[in-house]
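Spelled out from the first residue to the last, the chains are:
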Amino acid sequence: MRSHGSLSELIFPVRCLGCRRLGIDICATCRIDWNNHIYRTFGVSQNRSFPIYSSVIYSPIASKILLASKEDGVLAADTLVAASIANARIYFQKEIGTGHLVPIPSRKKASRRRGRMYINELIEYSGMTPLDLLSHRRAVRDQSTLHADQRAKNLSGAFGIDPTKLLLHDVPVIIVDDLVTTGSTLNEAARALNAAGFRVLGAITACLAKPVR
Ligand SMILES: [Zn+2]
């Protein structure tokens with residue numbers, strides 16, 4: 001039973017991020033869809049596979065939570081996504097190893113619109129420090145409407161490494177993103193990092209849209 005509602009709750013009633021039901025940030029029904037577990041898939045770079053660990057299976061509810069976090073900066077949604085990244089990292093660390101967390105950069109236009117570097121902030125929000133190695137070398141299209149082969153083409157050679165960080169050669173790294181779908185983004189990031197001499201242990205994401213292969 002709820003006894004006292006805070007003043008802000010009276011003015012801005014709390015609704016579920018998944019279904020908009022009044023009451024709490026995420027209701028018990030939507031919690032079933034956004035429930036941290038661990039899913040292990042693989043990406044490929046330079047003909048070698050690397051592990052990808054994800055916490056939540058992508059669903060219509062998960063899509064709403066990711067959008068609320070990514071596009072609207074809703075704090076309660078950031079909390080859920082950051083916790084899912086942290087969960088994937090715990091399993092990854094236990095089973096694969098420890099490395100510096102390298103965020104997948106958002107497209108420059110998107111970062112400007114959002115007023116923040118999304119994955120960097122989520123990593124920091126989980127109490128960890130991102131190692132900003134990757135940047136977009138050229139404009140890429142929004143991936144969401146592209147097929148797997150189009151995505152690979154869209155991203156081929158898209159990432160560059162910050163030249164001031166190349167001295168960090170042979171450092172173990174783990175790539176971080178919010179969602180893995182076809183794996184093309186993670187594969188391209190791994191390729192760029194491997195080519196620059198970094199040791200890519202694998203990747204972690206909050207959500208997994210479908211098996212990479
Ligand atoms: Zn709900």
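Scroll up to find the structure.
Residue indices begin from 1 for each chain and proceed along its sequence in written order. Residues qualify for local features only when their pLDDT is at least 70, as the model is predicted, and side-chain atom pairs are given and counted only at 80 or more; totals for whole chains, interfaces and linings, by contrast, use all residues.

Caption draft 1: Focus on the overall build of the chain. For the chain, the count of helices and strands is 8 helices and 7 strands. For a compact globule the rule gives 2.2 Å times the number of residues to the power 0.38, and the radius of gyration it is set against comes from C-alpha atoms. Its C-alpha radius of gyration of 18 Å places the chain within 12% of the 17 Å reference for a compact globule of 213 residues. When burial is assessed residue by residue, the chain has 39% of its 213 residues classed as buried. Note on contacts: residues are paired as contacts if their backbone-placed C-beta atoms lie within 7 Å. Put simply, 71% of the contacts in the chain that link residues at least 6 apart link residues at least 24 apart. Under the scheme used here, helices are H or I runs from DSSP no shorter than 4 residues and strands are E runs no shorter than 2 residues, and both carry numbers assigned from the N terminus. Each residue is classified by how many other C-beta atoms fall within 10 Å of its C-beta atom, where C-beta atoms are placed from the backbone; a count of 20 or more means buried, 12 or fewer means exposed, and values in between mean partly exposed.

Caption draft 2: Geometry of the packing of helix α7 (residues 148-155) against helix α8 (residues 184-195). α8 packs onto α7 with a crossing angle of 30° between their chain directions and a minimal axis gap of 9 Å. Accordingly, the angle class assigned to the pair α7 and α8 is roughly parallel. Here α7 runs over α8; the crossing is right-handed. Residue-level contacts link Ala148, Arg151, Ala152 and Leu155 of α7 to Ser184, Thr185 and Glu188 of α8. Classes in brief: Ala, Val, Leu, Ile, Met, Phe, Trp, Tyr, Cys and Pro nonpolar; Asp, Glu, Lys and Arg charged; the others, Gly included, polar. For the contact of α7 with α8, the residue count by class is 3 nonpolar, 2 polar and 2 charged. Structural elements are reduced to axes, namely lines fitted to C-alpha atoms, with helices fitted over the stretch in contact, and the angle between N-to-C directions of any two is expressed from 0 to 180 degrees. Each angle gets one of four labels, with under 35 degrees taken as roughly parallel, over 145 as roughly antiparallel, 65 to 115 as roughly perpendicular, and the rest as oblique. Crossing handedness is read from the near helix: turned anticlockwise from the far helix by less than a right angle, it gives a left-handed crossing, and turned clockwise, a right-handed one.

Caption draft 3: The arrangement of the sheet that holds strand β1 (residues 39-45) in detail. Whether two strands pair depends on DSSP finding at least two bridges between them. Here we have 5 strands laid out as an open sheet, ordered β1-β2-β7-β6-β3, and mixed in their pairing. One side of each edge strand has no neighbouring strand; the edge strands of this open sheet are β1 and β3 (100-103). Within the sheet, the average angular offset between the axes of one strand and its neighbour, ignoring direction, is 30°. Seen against the sheet, helix α3 (residues 60-70) touches β2 (48-57), β6 (172-180) and β7 (199-208) and runs at an angle of roughly 115° to β6. Sheet strands touched by α8: β1, β2, β3, β6 and β7. Its angle to β1, the strand with the most contacts, is close to 55°.

Caption draft 4: Representation of unusual backbone geometry in the model. With a phi angle near 50°, Gln46 is a residue other than glycine that sits in the positive phi range. Tracing the backbone through its elements, the reader meets Gln46 in the loop between β1 and β2. Accessibility expressed as a C-beta count within 10 Å gives 11 for Gln46, which makes it exposed. Of note, Asn47 is a non-glycine position whose phi angle comes to about 65°, a positive value. Inspection of the secondary structure puts Asn47 in the loop between β1 and β2.

Caption draft 5: Representation of the environment of Val81 in the model. Within the secondary structure, Val81 is located in helix α4 (residues 75-95). Each C-alpha atom, one on Val81 and one on Leu179, is 10.0 Å from the other, the two residues being 98 residues apart in sequence. When near neighbours in sequence (up to four residues on either side) are disregarded, Val81 contacts Ile65, Leu66, Ser69, Leu122, Asp178 and Ala206.

Caption draft 6: Highlighting the nonpolar core. Nonpolar core, as used here: buried Ala, Val, Leu, Ile, Met, Phe, Trp, Tyr and Cys residues forming one set through C-beta atoms within 7 Å. Ranked by internal contacts, the top residues of the largest apolar core, which has 53 residues, are Ile65, Val102, Ile174, Ile175 and Val176. Elements with a contribution of two residues or more to this core: β2, α3, α4, β3, α6 (118-125), β6, α8 and β7. Setting aside residues up to four positions removed in sequence, Val176 forms contacts with Ile85, Leu101, Val102, Pro103, Ile104, Ile119, Ile123 and Ile204.

Caption draft 7: Structural detail: α4. Multiplying 1.5 Å by the residue count of a helix minus one yields the expected span of that helix. Over its 21 residues, α4 runs 30 Å from end to end, which matches the ideal 30 Å to within 8%, given 1.5 Å per residue. Taken together, the buried positions of α4 are Ala77, Asp78, Leu80, Val81, Ala82, Ser84, Ile85, Asn87, Ala88, Arg89 and Phe92. In the core, the buried residues of α4 are packed alongside β2, α3, α6, β6 and β7. Among the residues trailing α4, Gly97 stands out with phi positive, at a value near 150°.

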